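Survey of secondary and tertiary structure
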Amino acid sequence: MPSEAADDPVVRAVAAGDQSAFAQVVERHRRELHVHCYRMLGSFEDAEDPVQETFLRAWLKRASFEGRSTLRAWLYRIATNSCLEVIRRHPRPVPLPPASGSWRPPYSELPWLEPYPDSLLDAPASVDEGPDALVVARETIALAFLASIQLLPPKQRAVLILRDVVRFSA
């Protein structure tokens, strides 16, 4: 049974091929998808390509969106798969923690890890979240968090981000 998303006039317009409606959807979700790809890849610049790929794939496959989920969830699925493909094509070596002793996230051992620009942190975290989302977004963009999740295998990283950060249901 289709969800309420199928009743959204913007979603129907996108599915019908309306470029201006699609541009509206892109603008609405661009930043949060960029942050998601940044969390997955650990690099601000590397996150841009999967975001562009997400919108290209969404446009090309817009007719296949059946409305069983929200358009936002569908875009996140495409973005996550795009990031997983990037990780598969360009694997990065991740240092293992020492067997004993205190361990800190290896910022210097992850040369691709870069901070999210401060100027962009004040923008809204998500169009679907409340004001507390900004606080959560800042915490989950912190280098310590990113360095730690980079140690996870890619699919586990995606699950952690989608479940605990973006708060999608299982």
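Just above, that's the structure.
Residues numbered from 1 in each chain as written. Predicted model: local features only at pLDDT ≥ 70, side-chain atom pairs only at ≥ 80, totals over all residues. Heavy atoms only, no water.

Turning to the pattern of salt bridges, a few remarks are in order. Evaluation of the coordinates by the stated rule reveals four salt bridges. Between Arg 72 and Glu 32 there is a salt bridge; the shortest N-O distance is 2.8 Å. Highlighted residues: Arg 72 in helix α4 (residues 71–89) and Glu 32 in helix α2 (residues 19–41), separated in sequence by 40 residues. We classify Arg 72 as buried; its relative accessible area is 9%. On the basis of relative accessibility, which here comes to 4%, the residue Glu 32 falls in the buried class. (Salt bridge = Lys/Arg side-chain N within 4 Å of Asp/Glu carboxyl O. Helix = DSSP H or I, 4+ residues; strand = E, 2+ residues; numbered from the N terminus. Buried < 20%, exposed > 50% of the residue type's maximum accessible area, 1.4 Å probe, protein only.)

This part takes up the packing of α2 against helix α7 (residues 154–165). Two numbers describe a pair of packed helices, the interaxial angle and the distance between the axes. Interhelical geometry of α2 versus α7 gives an angle of 140° and a closest axis separation of 10 Å. If you check the angle between α2 and α7, you find them oblique. Note on packing geometry: the crossing formed by α2 with α7 is right-handed. On α7, the residues that touch His 36, Arg 39 and Met 40 of α2 are Pro 154, Arg 157, Ala 158, Ile 161, Leu 162 and Val 165. The residue inventory of the contact of α2 with α7, partitioned by class, reads six nonpolar, one polar and two charged. (Axes fitted to C-alpha atoms, helices over the stretch in contact; angles between N-to-C directions. Parallel < 35°, antiparallel > 145°, perpendicular 65-115°, else oblique. Left-handed = near helix turned anticlockwise from the far one by under 90°. Contact = heavy atoms within 4.5 Å. Nonpolar A, V, L, I, M, F, W, Y, C, P; charged D, E, K, R; others polar.)

This part is about empty space enclosed by the protein. Taken as a whole, this structure holds one cavity of 30 Å³ or more when the rule is applied. In this model, the largest cavity occupies a volume close to 30 Å³. Forming the walls of the largest cavity are Val 11, Val 14, Ala 15, Arg 62, Phe 65, Leu 71 and Trp 74. When residues in the lining of the largest cavity are grouped by element, the largest group, three residues, is from helix α1 (residues 9–15). (1 Å grid on protein atoms, 1.4 Å probe; cavity = no way out; pocket = protein on both sides within 12 Å on 5 of 7 lines; lining within 4 Å. Points joined across faces, edges and corners; volume = space filled by probe spheres on them.)

The next thing to look at is the packing of α2 against helix α3 (residues 44–60). The geometry of α2 relative to α3 is characterised by a closest axis approach of 8 Å and an angle of 145° between their N-to-C directions. Seen along the crossing, α2 lies across α3 with a hand that is right-handed. Packed against α2, whose contacting residues are Gln 19, Phe 22, Val 26, His 29, Arg 30, Leu 33, His 34, Cys 37, Tyr 38 and Leu 41, the element α3 presents Phe 44, Asp 46, Ala 47, Glu 48, Pro 50, Val 51, Gln 52, Thr 54, Phe 55, Ala 58 and Trp 59 at the interface. Its residues placed into classes, the contact of α2 with α3 shows 13 nonpolar, five polar and three charged.

Right, let's get into the nonpolar core. Among the nonpolar cores identified, the biggest contains 39 residues, and Met 40, Phe 55, Leu 71, Trp 74 and Leu 75 are the most heavily contacted of them. Going through the elements one at a time, α1, α2, α3, α4, α6 (143–149) and α7 are the ones with two or more residues in this core. The element best represented in this core is α2, accounting for 10 residues. (Core = buried A, V, L, I, M, F, W, Y, C linked by side-chain atoms within 4.5 Å.)

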